[in-house]
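Chain residues, written in single-letter form:
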Amino acid sequence: LYRPIISELGYGGTRYMPLYFMFQGTLIKLGLEPSAAGLVAMQTSAAAMTAGITLILRRSGVSFTWALGLALVTYCTTIFQQYVTDTNCEYLAAALSLFAFACYLPATNPAQQGSSLLLIAILSALAFFVKFTTLYAPAAVLLHLMIARRHRDAAILAGSTLILILVLFGVLQHGSHGYLWENLKSSATGGTELARVFSYLGRFPREMFYEHPAV
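## Examining helix α9 (residues 179–188)
Then, in step 1: Of the positions making up α9, those classed as buried are Leu180, Asn183, Leu184, Ser186 and Ser187. Viewed end-on, α9 has its buried residues packed into an arc of 170°, placing them on one side of the element.
Then, in step 2: At its buried positions, α9 is contacted by β2 (10–11), α1 (18–29) and α8 (151–175).

Next comes the structure, spelled out in structure tokens:
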């Protein structure tokens, strides 16, 4: 549903956020040439996502062999094959979100879970600044807390996540000389045509069952 980054409507913004580019840029600053830095950043992100999937499955009671085997399906997708020679921030965003979920899963005792809420907030805030649609991770945990009537924990998670996002936003906004807000504003204020919205109804099943069935 995202409109083009540049079109007759002007600058359309992008869902991609600064942390992944900072990760790759740091590797370049450390001496890797840009292509090698992209390869390392991409494959490190994919490995982290695979580890996150494995951890969640293990904490859900799946044996290690099955958990790892299912996680390795990541490498069988046509999407991943594309990113053997390309780079994409989505794997890092997914990895951070999966680790946030994993922090929530193991504690069946609410008293144990309290110490995990801050870590969930930190991982969620970092994921947001890799790709802002990854707010689904803290939203899911928040919904479960609300259903479980743990309103105090829900407030702690929501408040700490929001504070961390605002703090990180301030730092990155200052570091980017104002471009971060310009990007967010342009991406959020729309310009998507109605025809593009309706076309997604056909695109979604095509992506899931034909183009990328392993996903």
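## A word on the side chain of Ser116
Then, in step 1: If you trace the backbone, Ser116 turns up in helix α6 (residues 110–128).
Then, in step 2: A distance of 3.3 Å separates the side chain of Ser116 from the backbone oxygen of Cys103, its partner in a polar contact.

## Concerning unusual backbone geometry
Then, in step 1: Its identity is not glycine, yet Arg149 carries a phi of approximately 60°, on the positive side.
Then, in step 2: Checked against the element boundaries, Arg149 lands in the loop between α7 (136–147) and α8.
Then, in step 3: Using a relative accessible area of 68% as the deciding quantity, one classes Arg149 as exposed.
Then, in step 4: The phi angle at His177 is positive, at roughly 60°, despite the residue not being glycine.
Then, in step 5: Among the structural elements, His177 can be located in the loop between α8 and α9.
Then, in step 6: When its relative accessible area of 71% is taken as the criterion, His177 is described as exposed.

## Details of helix α2 (residues 34–59)
Each α-helix turn comprises 3.6 residues. Residues three or four places apart therefore point the same way.
Then, in step 1: In this model, α2 (26 residues) spans 37 Å end to end at C-alpha, consistent with the 38 Å of a helix rising 1.5 Å per residue.
Then, in step 2: Phi for Gly61, located one or two positions after α2, is positive at around 95°.

## Observations concerning the layout of surface pockets
Then, in step 1: The space that makes up the second largest pocket amounts to roughly 180 Å³.
Then, in step 2: Only α1, α8 and α9 provide two or more residues apiece to the lining of the second largest pocket.
Then, in step 3: Of the residues belonging to the lining of the second largest pocket, the class tally is eight nonpolar, four polar and no charged.

## Focus: the side chain of Asn88
Then, in step 1: Along the chain, Asn88 falls in the loop between α4 (78–82) and α5 (90–104).
Then, in step 2: Polar side-chain contacts of Asn88 include one of 2.7 Å to the side chain of Tyr83.
Then, in step 3: Within the structure, Asn88 has its side chain in polar contact with the backbone nitrogen of Glu90 (distance 2.7 Å).
Then, in step 4: Excluding anything up to four places from it in sequence, Asn88 contacts Tyr16, Tyr20, Met42 and Tyr83.

The rules behind each value
Residues numbered from 1 in each chain as written. Predicted model: local features only at pLDDT ≥ 70, side-chain atom pairs only at ≥ 80, totals over all residues. Heavy atoms only, no water. Buried < 20%, exposed > 50% of the residue type's maximum accessible area, 1.4 Å probe, protein only. Helix = DSSP H or I, 4+ residues; strand = E, 2+ residues; numbered from the N terminus. Arc of directions from axis to C-beta. Contact = heavy atoms within 4.5 Å. Polar contact = N/O pair within 3.5 Å; in protein donor to acceptor, adjacent residues only side chain to side chain. Expected span 1.5 Å × (residues − 1). 1 Å grid on protein atoms, 1.4 Å probe; cavity = no way out; pocket = protein on both sides within 12 Å on 5 of 7 lines; lining within 4 Å. Points joined across faces, edges and corners; volume = space filled by probe spheres on them. Nonpolar A, V, L, I, M, F, W, Y, C, P; charged D, E, K, R; others polar.

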